[in-house]
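Next come the chains, spelled out residue by residue.
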Amino acid sequence: MDITENIPFSLGAQLESVAGSLQDSYFAHRRIHHISTRLMPSRDEIYEITQQLFALIYPGFFGRLDLAVENIDSHLRDLLENLSKGLYLQIYNSLSYKSQNDDEMLKQRASQVTKNFFKALPEIRELLEGDVLAGFKGDPAAQDTDVVIFSYPATIAIGTYRLAHALWNMQVPLLPRVMTEQAHSLTGIDIHPGAGIGRNFFIDHGTGVVIGETTVIGDNCKLYQGVTLGAVSFPHNDEGQIIRGNKRHPTLEDDVIVYSNTSILGDVTIGKGATIGGNIFLTRSIPPGCTVTAKQAELHYRNRHHSLDRGVVTDYQI
Amino acid sequence: MDITENIPFSLGAQLESVAGSLQDSYFAHRRIHHISTRLMPSRDEIYEITQQLFALIYPGFFGRLDLAVENIDSHLRDLLENLSKGLYLQIYNSLSYKSQNDDEMLKQRASQVTKNFFKALPEIRELLEGDVLAGFKGDPAAQDTDVVIFSYPATIAIGTYRLAHALWNMQVPLLPRVMTEQAHSLTGIDIHPGAGIGRNFFIDHGTGVVIGETTVIGDNCKLYQGVTLGAVSFPHNDEGQIIRGNKRHPTLEDDVIVYSNTSILGDVTIGKGATIGGNIFLTRSIPPGCTVTAKQAELHYRNRHHSLDRGVVTDYQI
Amino acid sequence: MDITENIPFSLGAQLESVAGSLQDSYFAHRRIHHISTRLMPSRDEIYEITQQLFALIYPGFFGRLDLAVENIDSHLRDLLENLSKGLYLQIYNSLSYKSQNDDEMLKQRASQVTKNFFKALPEIRELLEGDVLAGFKGDPAAQDTDVVIFSYPATIAIGTYRLAHALWNMQVPLLPRVMTEQAHSLTGIDIHPGAGIGRNFFIDHGTGVVIGETTVIGDNCKLYQGVTLGAVSFPHNDEGQIIRGNKRHPTLEDDVIVYSNTSILGDVTIGKGATIGGNIFLTRSIPPGCTVTAKQAELHYRNRHHSLDRGVVTDYQI
């Protein structure tokens, strides 16, 4: 049954003019349509593929739950067959949708990338186990690693980043960015797939975290919500156009902690073992082992009841 | 097959008392139910409609992907027929669900608003192309406009805002707010549909951005993550109730940039071409062409290894 | 039709080695799989259950919309039958998936918890009506309570928290945390189910809010976007392991307001009626009735046009 059939409305005679003016608009503003025989990748399919990759990486936690020693082998083969075809198609579309290259060559390249990606999965799993363990060790509210896998946004954001980063390194356009942006939508954590991140990485809470394209992060680092690892300004070329691709985001060496709502901007280096306090705005390098805190803003305290009841405002500082 | 049929649980005899106490609760707390012959609009349908509007505006990027010169005309008509009925129904329900007005009048009004909205779409597309281009020009990590359309939260948040703002201007209640709130949920960017925003608008990263109801933004403005354009306090009337509707948010003139995590609060004006740095708390107007930065908080550096190894705390500032 | 059947790709001979290396990986990295006869709870089912609970609590707003006096009774019974079975299963799986306890005992406990939870719903509804009303009273952009229920992230975040908190108090593992984390994903508001929150609670905008596990909040409190009620540091035991469970987050007494992007850290007490301004970093207790503001950072203003056009930089402060 068409749910819309009983709705007492039709564009009627205006359908013609609305459709016509939209088609005119498609021709006038070409940047925001893609009407072409070469398909764009599909955001919905990419989302589905990431879900299936999580089922592959965290069996029993994501996707099908009733996995036992008896059925794991057949489950794995079915999942791999289906998933690899879907991923191949999105890689192919990402490579081909605006390419002038020979189609056979694009297919071979998509095929090769897909195979290499699946070969890399065990290594990615090893990294992810380290990340989950870092989450458990780093948060007193975590009762076990299960709750970290099951309900921590870091698991979604970092897991998706590590998968997307592998595809980024294989020079697949568009697809890795769509993957990390879907994780950003789910978690509020925005990690560019081009960033380089070491082992045992944890982000607690995470909403508002931004990790820019050329950021480099060592092993055993931890970030809290609202941390920006960003750029401070962009150089422009002689025509006034922005220069793309140069290193413009921070480097965090191993064992660095950055507390909540701190921004570190520019191509600076935070040395091994440094701790950066919360609510700090930092645009310079920090030596290894250094703890950075900000002199807190002077606070003013006013006793509202005094001022309301007796007409006296008590300003004092403690 | 009912998936629940094998679950060995039933409320049994307690079903009666639980259902009864909930019904009592419905009568006792009437503000949070809507049991009525006049239906509320549907959040799920509104979400679906916004998705279809994106398919209409960005053909080949959102919705059906295999669009070619041969099928675009029939695709467009099918989409328009279906979508216009769905939108009409949500507009009608938004207008009628608590109205005492004559039903025929409400239907005519819903019909008129729906038609006017579709007539406005080409103009909205023109604005959105400008926004996408602003995103490409403003971010060195963007390789082309496709990646901006496909994976930037600004595309969802600003696109949804421009559609919702058109309905807001036609005095449709509830519906525009639901639309922008769904975009907020997807992107972390909270733009009130009542705000007025000029051409070529871009928000980078975006998580935590809040743009209040009476904000006015000129052409070519750019915001970063965590920026609040908010109110500083609310006037109350003699009965102590909040006064609604007055201008209480900032005005940004053309060509203004506001960097990450800055709050601009109150009905102040940021003049044409001004640049407001990151992590600033601003409650006053700024003249045109002015660059505002904050004196950074004094930072304290302590070398952890020194203090741990030799019992000496080295406090120094660089 | 299998959508993947026409895709010209297969892992082919490599399926064997990929499946094999993944199985090796499952054995090598056991923390991130759950291949076991005892099932984990299901994130998808928990999401569906929370949706149905919202339909039960806000009838006519969420879930089925066409509710009238004539059908509310049968609707309620159907919903309760279905929902209670689904919730029972997730509670049972949460209790049993890694338990060594007798299965009969676990079933009885799951059954008792499920029944107690449904008995608590009318009381939760009463609290939620207070929260909705607080939202309406506290935001000048709210036209009525309907728009608060329908489109405010606070409704999702606080509503889910109150449901999850009831299950947390009944010592159900995992499930409550998954529920609040799904609300975090939808709203950017991260409330730990262990926190204690009084009546008439409102969070405006909300993206970036973090409310930690041992936070206590009194009646009639209001928070804005970006507020962290967090811990300042974690004590470790003699083996260097983090100590879990102690009170490490703030207490807010009744009638406290905390403005946007402020962090209050540690087990401090904000006294009754206190108001904490925006963008403040606070690690100490505040007496009742006190208004706290920060001395704003000194701002620097530079007129860009002057410096560009005449080679003169005008630094001034206003």
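Please read these numbers as outputs of a predicted model, since none were measured by experiment.

A. Representation of the overall build of chain A. In terms of helices and strands, chain A carries 8 helices and 16 strands. Computed over the C-alpha atoms, the radius of gyration of chain A is 25 Å, more than 25% above the 20 Å expected from 2.2 N^0.38 for a compact globule of 318 residues. Dimensions of chain A, computed from C-alpha atoms along their principal axes, come out at roughly 70 × 60 × 55 Å. Restricting the contact set of chain A to residue pairs at least 6 apart, pairs at least 24 apart contribute 41%.

B. Focus on the interface of chain B and chain C. Listed per partner, the contact involves 59 residues of chain B and 67 residues of chain C. Residue assignment for the side of chain B that touches chain C shows that the elements contributing at least two residues are helix H1 (14-28), helix H7 (175-187), strand E7 (228-230) and strand E14 (290-294) of chain B. For the side of chain B that touches chain C, the element with the most residues is H1(B), which contributes 10 residues. Bridge analysis of E14(B) against strand E15 (residues 299-303) of chain C gives 5 bridges, and the strand direction is antiparallel. Across the sheet, Thr291(B) pairs through a bridge with Arg302(C), a residue of E15(C).

C. A look at the interface of chain A and chain B. Across the contact, 59 residues belong to chain A and 68 residues belong to chain B. Of all the secondary-structure elements, those providing two or more residues to the side of chain A that touches chain B are helix H1 (14-28), helix H7 (175-187), strand E7 (228-230) and strand E14 (290-294) of chain A. In terms of residue count, H1(A) provides more of the side of chain A that touches chain B than any other element does, 10 residues in total. Partitioned by chemical class, the residues of the side of chain A that touches chain B number 26 nonpolar, 24 polar and 9 charged.

D. Focus on the relation of the copies chain B and chain C. Placing chain B over chain C gives an RMSD of 0.0 Å and needs a rotation angle of 120 degrees, together with 0.0 Å of translation along the axis. Within this description, the copies of the chain are treated as partners about a three-fold rotation axis. Residue by residue, only 7% of the interface of chain B is reproduced at the interface of chain C, so the copies engage with different surfaces.

E. Representation of the sheet that holds E7(B) in the model. Residues and elements named next belong to chain B. On the basis of which strands lie adjacent, the open sheet formed by 5 strands has the order E1-E4-E7-E10-E13 and parallel pairing. In the strand order of this sheet, the two ends are held by strand E1 (190-191) and strand E13 (281-282), each with one partner. With 3 bridges joining them, E7 and strand E10 (residues 263-265) adopt parallel strand pairing. Residue pairing across strands places Leu 229 opposite Ile 264, the latter belonging to E10.

F. Region of the structure containing the domain arrangement of chain A. When cut into domains, chain A gives domain 1 (37-188) and domain 2 (208-318). Here the C-alpha centroids of domain 1 of chain A and domain 2 of chain A sit 31 Å apart.

G. Quick look at helix H2 (residues 43-57) of chain B. With 15 residues, H2(B) extends 21 Å from end C-alpha to end C-alpha; this agrees with the ideal 21 Å at 1.5 Å per step. Every buried residue of H2(B) is listed here: Ile46(B), Ile49(B), Thr50(B), Leu53(B), Phe54(B), Ala55(B), Leu56(B) and Ile57(B). If you follow the buried residues of H2(B), they end up packed against H1 of chain A together with helix H3 (72-96), helix H4 (103-138), helix H6 (153-169) and H7 of chain B.

H. Representation of the sheet that holds strand E5 (residues 216-217) of chain C. All names here are of chain C. One open sheet holds the 4 strands; their spatial order is E2-E5-E8-E11, and the pairing between them is parallel. Edge positions in the sheet fall to strand E2 (196-197) and strand E11 (269-270), since each has one partner strand and no second. The pairing of E2 with E5 spans 2 bridges and is classified as parallel. Bridge pairing in E5 places Gly 196 opposite Val 216.

I. Spatial organisation of the environment of Tyr88(A). Tracing the chain through its elements places Tyr88(A) in helix H3 (residues 72-96). C-alpha separation for the pair Tyr88(A) and Phe61(A), spaced 27 residues apart in sequence, amounts to 25 Å. Residues in contact with Tyr88(A), not counting those within four places in the same chain, are Ala110(A), Ser111(A), Thr114(A), Ile7(C) and Phe9(C).

J. The arrangement of the packing of helix H4 (residues 103-138) of chain C against helix H6 (residues 153-169) of chain C in detail. Residues and elements named next belong to chain C. The interhelical angle for the contact between H4 and H6, taken along N-to-C directions, is 150 degrees, at an axis separation of 10 Å. Viewed along their axes, H4 and H6 adopt a mutual orientation that is roughly antiparallel. Considering the relative orientation of H4 and H6, their crossing is right-handed. Across from Phe 117, Ala 120, Ile 124, Leu 127, Leu 128, Asp 131, Val 132 and Gly 135 in H4, the residues of H6 making contact are Ala 154, Thr 155, Ile 158, Gly 159, Arg 162, Leu 163, Ala 166 and Leu 167. Taken together, the residues that form the contact of H4 with H6 break down as 11 nonpolar, 3 polar and 2 charged.

K. Seen up close, the pairing of E14(B). As defined by bridge partners, strand E12 (residues 275-276) of chain B adjoins E14(B) across 2 bridges and the pair is classed as parallel. Within the sheet, the bridge partner assigned to Thr275(B) lies in E14(B) and is Thr291(B).

L. Structural view of the environment of Tyr58(A). Within the secondary structure, Tyr58(A) is located in the loop between helix H2 (43-57) and H3. With 23 C-beta atoms packed within 10 Å, Tyr58(A) lands in the buried category. Here the alpha-carbon distance between Tyr58(A) and Phe150(A), two residues 92 residues apart in the chain, equals 9.8 Å. Apart from residues no more than four positions distant in its own chain, Tyr58(A) is found in contact with Ile149(A), Ile32(C) and His33(C).

M. Here's a closer look at the confidence of the model for chain A. Residue and element names in this part refer to chain A. Per-chain confidence: chain A averages 91 in pLDDT, with 94% of residues scoring 70 or above. Confidence drops under a pLDDT of 50 for residues 306-318, and excluding neighbours within four residues, the segment shows 16 contacts in the predicted structure. Confidence estimates for the predicted assembly give a pTM of 0.94 and an ipTM of 0.92.

N. Spatial organisation of unusual backbone geometry. Residue and element names in this part refer to chain A. For Asn 279, which is not glycine, the phi dihedral falls at a positive 55 degrees. With respect to the helices, strands and loops of the structure, Asn 279 is situated in the loop between strand E12 (275-276) and strand E13 (281-282). On the neighbour-count criterion, Asn 279 (25 C-beta atoms within 10 Å) is buried.

O. Highlighting the environment of Ala13(A). Here Ala13(A) shows up in the segment before H1. Sequence separation of Ala13(A) and Glu45(A) is 32 residues, and the distance between their C-alpha atoms is 37 Å.

Rules used throughout
- Positions within a chain are numbered from 1, following the residues in the order the chain's sequence is written.
- Think of it this way: whatever chain is written first is A, whatever ligand is written first is 1, and the rest follow in order.
- With pLDDT at 70 or above as the cut-off, local features in this predicted model cover only qualifying residues; side-chain atom pairs require 80 or more to be listed or tallied, and sums for whole chains, interfaces and linings still use all residues.
- Numbered from the N terminus, helices here are DSSP runs of H or I no shorter than four residues, and strands are runs of E no shorter than two.
- With the radius of gyration taken over C-alpha atoms, the globule rule is written as 2.2 Å times the number of residues to the power 0.38.
- In this description, a residue-residue contact is defined by the distance between C-beta atoms placed from the backbone, which must lie within 7 Å.
- Strands qualify as paired when DSSP identifies two bridges or more between them.
- Residue polarity is assigned by list, with Asp, Glu, Lys and Arg as charged and Ala, Val, Leu, Ile, Met, Phe, Trp, Tyr, Cys and Pro as nonpolar; anything else, Gly included, falls into the polar class.
- When the copies are superposed, the least-squares fit takes in the C-alpha atoms of residues with a pLDDT of at least 70 in both.
- Segmentation into domains, and thus their bounds, comes from an automatic or database assignment.
- Working rule for helices: expected span equals 1.5 Å times residues minus one.
- Think of it as a crowd count around each C-beta: if 20 or more other C-beta atoms lie within 10 Å the residue is buried, if 12 or fewer it is exposed, and in between it is partly exposed, with C-beta placed from the backbone throughout.
- Fitting a line to C-alpha atoms yields each axis, with helices limited to the stretch in contact; the angle taken between N-to-C directions then spans 0 to 180 degrees.
- An angle counts as roughly parallel when it lies under 35 degrees, as roughly antiparallel when it exceeds 145, as roughly perpendicular when it falls between 65 and 115, and as oblique in every other case.
- Left-handed describes a crossing in which the near helix is turned anticlockwise from the far one by less than a right angle; the clockwise case is right-handed.
- What pLDDT conveys is the predictor's confidence in a given residue, as a value from 0 to 100.

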